[in-house]
Amino acid sequence: MFALDLGAATASAAIIGEIDGRRRLLASISVPAGVDADDLLVHLVSRFSAADPVLAADLGAGSDAVERWSRLVARSDPPPVLAVLASTVRERDALERIAGLAGWRTRGASLEADGPIELTRLALERGVRAIAVAAGEATSREEQAALVELAALTRGIAERNPGPQVLLVGALAAEAGSIPAGAAGDDPLFAPGPEAGEPAGLPLRRFLERLVPASSAGRRATPAAAVDLAAVLDRRVEVIDIGLDGGLRAVAGPEGLEGPAAFLPAAGLVPPELDDGVVDGVLAWSTVPLDRHRMHDRLRELRLAPWVEAHGEGALLRLSAARAALERLVRATPDLGALPAPDLVVVAGGAWAAAPGPAIALAVADVVRRPGASQLAFDHARLLGPIGSLGDAVGRRALLGELADDLLAPLGTVIIPQGLRAGRSAGRLVVRGPAGETELDLVPGGLQLVDLPPGQLATADLRFRDQVGLGTRGRHLSIEVGGGLGGLLVDLRDVPLRLPERAEPRRALLGAWQAAFWAGVAE
Amino acid sequence: MSARAVTRTAAKAARAEALTRAELEASAGSLAQGYALVPSRTLIVPDPVAWFALRPGDRILVAPGDPVTPGLGLAERQRDPRVEDGPPLAGATAAEHPLRPGDWWPGDGHESGGPLRRRRPRTPAGELLQPAGARWRIASGDHVDVLEAPAAGVVSEATPGRAIAVALAGRGLPAAFGVGTPTRGRLERISGEAGLRGALGVGRAGSVLVVDGRVDSESIIRARAMGVRGVVVSGLAGKDLRDLVASEGRQRASLQPLAAFAVLALEGTLRRPIPGPVAALLAALEGSEVALVVDPPMLVFDPPTPEPQRPPPGWVRVRAGELTGREGRWLRAAGVRRFAAGTHLEAAAIALEDGQVAVVPLADLERFT
């Protein structure tokens, strides 16, 4: 069987074959997007056959395997565009924020700030898949007049442009009257307002998620795989996926998702609309000395050809952009961030594809500042999406159960205590593992790394001078930790992370931390 | 980096990978192994369709199916559209010719059904937006710029407030991005370190300049002021792009008629040499009339006679890294290799044009289709 994850920037393919009655990941490859899937599979099969001809012969991996073998495919299309028309700037912002979490790329305008011409222009733009029109309850004569004008404008837009689905949000639903049906005969839809529900906005978010066209479902398949993975491992699992066109964050336990999964186009590696906020966000994490103009140019190049220059300075830049994207994702999902630290964080997506494992672990620890201890793993063969796309839930869980050890590359364990007092020493750490004991002084503000190879388990005994937060509060804590490419990372830096304001010392500090985790970074 | 240094690097890479030229030649009998994995870009678009964006208030002068010739007006674009009260919803005109949003309202004189009178119009001309009370709201304005067709073709779509699409006759050379207004002119090439700044003169008026040297926003703005119709560059930095857009905005605000002018960047924001096959095509087009469109960014041309040869099978170009801009021939996929900053990437062995063999990341290569 083949698993294909056809992303916006990279295409990944994997061979899954049965050995001794159990399905295993046998080979994988990742190449720039746009390559024909058959060409990619032919190359993968020929490489697999060359590496292990006996096994390839056993599995029938001949020249006809590309046609014969079944395929699991996850394809990421660009996020659909939602035109947001609102009476006020506040309404527009609220609707854009919720639609952004539901996987829509939004373009918004308001009567208050932009006027009817701009609203009409926006709704008529090429590529708009749906139009959401929002207005709050009118409490004054002016607001009532704006509501009436917005409703008339919407009727006009729907009449002249019947293609996109019209969605009436909040108080506008009552005012709209007869909006013409769309090209496919679909009547306007009525959605709850951004303030409705508990927590506020959740019903609207679910509504908007259901409207996302099925063709954009690539990243949407991953939460199903996360739920199954949590059930198979009997652990709480968080998936963080950063791709070129969007980010995903989902937290699942054995019982299912612990909150709505967030699909955020704005958390893509480099959004198509490259504003100063995005550029500044990347500059804040950059270890490469670039001014704002040059950073803007480099990011634009990255957007134009995201697979190019994944080495040298380009690799550092890419990881800075991935950190900034992850920061946007974390900032947009405070509800998921407020949950207790998961047992396992799975990092996925093409943004991380070229970075060494330990550097990925550090990047996640830099941005996801949550007190607790979590294991980190990397979906190195990009299998979560294709497996999640499998419609048969029982078969999907069985496949994940067999592949769980293969599909996750262990990056290590991160321990982040909160509430350390500044000083020379905050306590002692003793790690007891198969290779013996390691003892370390815990120095506040620092990063401490303990070698713990993939596959090894150890016990970390932490004895602090004062009480700290680590999921629970205490002074003496004992945690079972798993090894990985990055080993055990004890992160005694501030929660949230505080970095120098000035660019030069900030770059130096980030560079020093990164150098400890990225072998050969200076080559 | 000098050519000698690049050659040294390539040779070093070749030695480090322990690949001998003979071995590579032996393995390069066919292109099957991995060449299809090289990212491809389109050299020539056979039937280009250009889009011309409109805003509410812009007046369309053509209809779908209309043939257009270069210079024919496609639409009148409002420089500064505003909302006005339009015709009444009910009345003789509304009964005879029901109005719909998006329709063009020609102005006063018609709403009463009577003849045009010599007086200030009661309602200006404009595009109907939506009913408001007893009248229509319209998008209107005082100053218009005529949007001209940059090349011949057939109108395939004309939607008020959105866009006009024209299926262009000829072929298109795609670019990374473009700014400005669609334009046309005689193609002239400028090369050398002096770049655009050193080549400007009154004789360049009416031309589209292809610059394979230094370029900045000041010289592009100066070129526009001297009557140059468009500039094609390899790369244009974001700062220059912003300066250019700001300059165009200032011109627009001055209410003077604007000449059509566009800038196309073939490669992106960084300066790189123009790829060999593209340079050969542009050389063949020198002196002929070409058009520049910005959506999608493309240089549109009639096929030159004789047509330049397409790149041979196996042709590749290095897009990034130390060998940026170098061209060569595909030898074979080289598996996963270690590159700068300790990264491990899919690699390929290529023979550069000077005979040197280099191993480069597969993703840094490109080919034309």
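In case you missed it, the structure is sitting above this.
This text gives an overview of the structure that appears in the document.

Looking now at the overall build of chain B. For chain B, the helix and strand inventory stands at seven helices and 25 strands. Sorting the 369 residues of chain B into buried and exposed places 49% on the buried side. For chain B, restricting intrachain contacts to residue pairs at least 6 apart in sequence, the fraction spanning at least 24 positions comes to 66%.

Turning to the packing of helix α11 (residues 292–304) of chain A against helix α6 (residues 238–253) of chain B, a few remarks are in order. The geometry of α11(A) relative to α6(B) is characterised by a closest axis approach of 8 Å and an angle of 100 degrees between their N-to-C directions. The angle between the axes of α11(A) and α6(B) places the two elements in the roughly perpendicular class. For the pair α11(A) and α6(B), the contacting residues are A:H293, A:H296, A:D297 and A:R300 in the first and B:G238, B:K239, B:L241 and B:R242 in the second. Along the lines of polarity and charge, the residues of the contact of α11(A) with α6(B) split into one nonpolar, three polar and four charged.

So, on to the packing of aromatic side chains. Across all of its chains, the model carries three aromatic pairs over all chains by this definition. Seen in terms of ring centroids, A:F2 and A:W69 are 5.2 Å apart; in terms of plane orientation they differ by 40 degrees. Their pairing is tilted. Note that A:F2 is positioned in strand β1 (residues 2–6) and A:W69 in the loop between α3 (65–68) and β4 (71–75), a separation of 67 residues in sequence. Across this residue pair, the class does not change: A:F2 and A:W69 are buried. The ring of B:W51 is capped by A:R126, whose NZ or CZ atom sits 4.0 Å from the centre of that ring.

On to the nonpolar core, then. Residues and elements named next belong to chain A. If you look at the biggest cluster of nonpolar residues, it comprises 60 residues, and the most contacted ones within it are L269, M295, L299, L319, L326, W352 and I360. With ten residues, helix α12 (residues 312–332) is the largest single contributor of residues to this core. Apart from residues lying up to four places away in sequence, L319 is in contact with W352, A355, A359, A363, Q514 and W518.

To continue, consider the sheet that holds strand β12 (residues 163–168) of chain B. Residues and elements named next belong to chain B. Strand order in this open sheet of four strands is β2-β12-β11-β4, and the pairing throughout is antiparallel. The sheet is open, and its two edges are formed by β2 (49–53) and β4 (67–68), each paired on a single side. Both β2 and β12 contribute to a ladder of five bridges, which runs antiparallel. Residue pairing for β12: W51 is matched across the bridge by A165.

Spanning 21 residues, α12(A) covers 31 Å between terminal C-alpha atoms, matching the ideal 30 Å at 1.5 Å per step. The element α12(A) is extensively covered by neighbouring structure, given that 16 of its 21 residues are classed as buried.

Here the focus is empty space enclosed by the protein. All names here are of chain A. Per the stated rule, a full pass over the model turns up nine cavities of 30 Å³ or more. In this structure, the second largest cavity occupies an estimated 130 Å³ of space. A341, V345, V364, A365, V368, R370, G372, A373, S374, L376, V414 and I416 together form the lining of the second largest cavity. Elements with a contribution of two residues or more to the lining of the second largest cavity: α14 (357–367), β15 (372–379) and β16 (408–416). For the lining of the second largest cavity, the leading source of residues is β15, giving four residues. Split into classes, the residues belonging to the lining of the second largest cavity amount to nine nonpolar, two polar and one charged.

This brings us to the interface of chain B and chain A. Each partner contributes residues to the interface: chain B has 55 residues there, and chain A has 46 residues. The largest per-residue losses of area from chain B upon contact with chain A belong to B:L37, B:R162 and B:A341, which jointly make up 16% of the total buried on that side. At the junction of chain B with chain A, the criterion picks out six salt bridges. With a shortest N-O distance of 3.0 Å, B:R137 and A:E149 are connected by a salt bridge. The interface formed by chain B and chain A includes 19 residue pairs in polar contact (both at pLDDT 80 or more). Of all elements in the fold, only β6 (82–88), β8 (126–132), β9 (135–140), α6, β18 (262–268), β22 (327–339) and β23 (343–352) of chain B reach the threshold of two or more residues within the side of chain B that touches chain A. Its residues assigned to classes, the side of chain B that touches chain A comprises 28 nonpolar, twelve polar and 15 charged.

A few words on the pairing of strand β8 (residues 165–170) of chain A. All names here are of chain A. Counting buried residues in β8 gives five out of six residues, a clear majority hidden from the surface. Alignment of strand β7 (residues 128–135) against β8, held across six bridges, turns out to be parallel. When the sheet's bridge partners are listed, A135 is paired in β8 with G170. In the classification by handedness, the crossover that spans β7, the intervening helix α6 (residues 141–160) and the parallel β8 is right-handed.

Turning our eyes to something else, we now look at the pairing of strand β18 (residues 436–442) of chain A. All names here are of chain A. In this structure, strand β17 (residues 427–433) lies alongside β18, joined through seven bridges in antiparallel fashion. Note that in β18 the partner of G433 across the bridge is G436. Joining the antiparallel neighbours β17 and β18 is a turn of two residues.

Definitions and limits used
Residues numbered from 1 in each chain as written. Chains lettered and ligands numbered in written order. Predicted model: local features only at pLDDT ≥ 70, side-chain atom pairs only at ≥ 80, totals over all residues. Heavy atoms only, no water. Helix = DSSP H or I, 4+ residues; strand = E, 2+ residues; numbered from the N terminus. Buried < 20%, exposed > 50% of the residue type's maximum accessible area, 1.4 Å probe, protein only. Contact = heavy atoms within 4.5 Å. Axes fitted to C-alpha atoms, helices over the stretch in contact; angles between N-to-C directions. Parallel < 35°, antiparallel > 145°, perpendicular 65-115°, else oblique. Nonpolar A, V, L, I, M, F, W, Y, C, P; charged D, E, K, R; others polar. Phe/Tyr/Trp six-rings, centres within 6.5 Å; stacked < 30°, edge-to-face > 60°. Lys NZ or Arg CZ within 6 Å of the ring centre and 35° of its normal. Core = buried A, V, L, I, M, F, W, Y, C linked by side-chain atoms within 4.5 Å. Pairing = 2+ DSSP bridges. Expected span 1.5 Å × (residues − 1). 1 Å grid on protein atoms, 1.4 Å probe; cavity = no way out; pocket = protein on both sides within 12 Å on 5 of 7 lines; lining within 4 Å. Points joined across faces, edges and corners; volume = space filled by probe spheres on them. Buried area = accessible area lost by both parts, 1.4 Å probe. Salt bridge = Lys/Arg side-chain N within 4 Å of Asp/Glu carboxyl O. Polar contact = N/O pair within 3.5 Å; in protein donor to acceptor, adjacent residues only side chain to side chain. Right-handed = clockwise from strand over helix to strand, strands pointing away.

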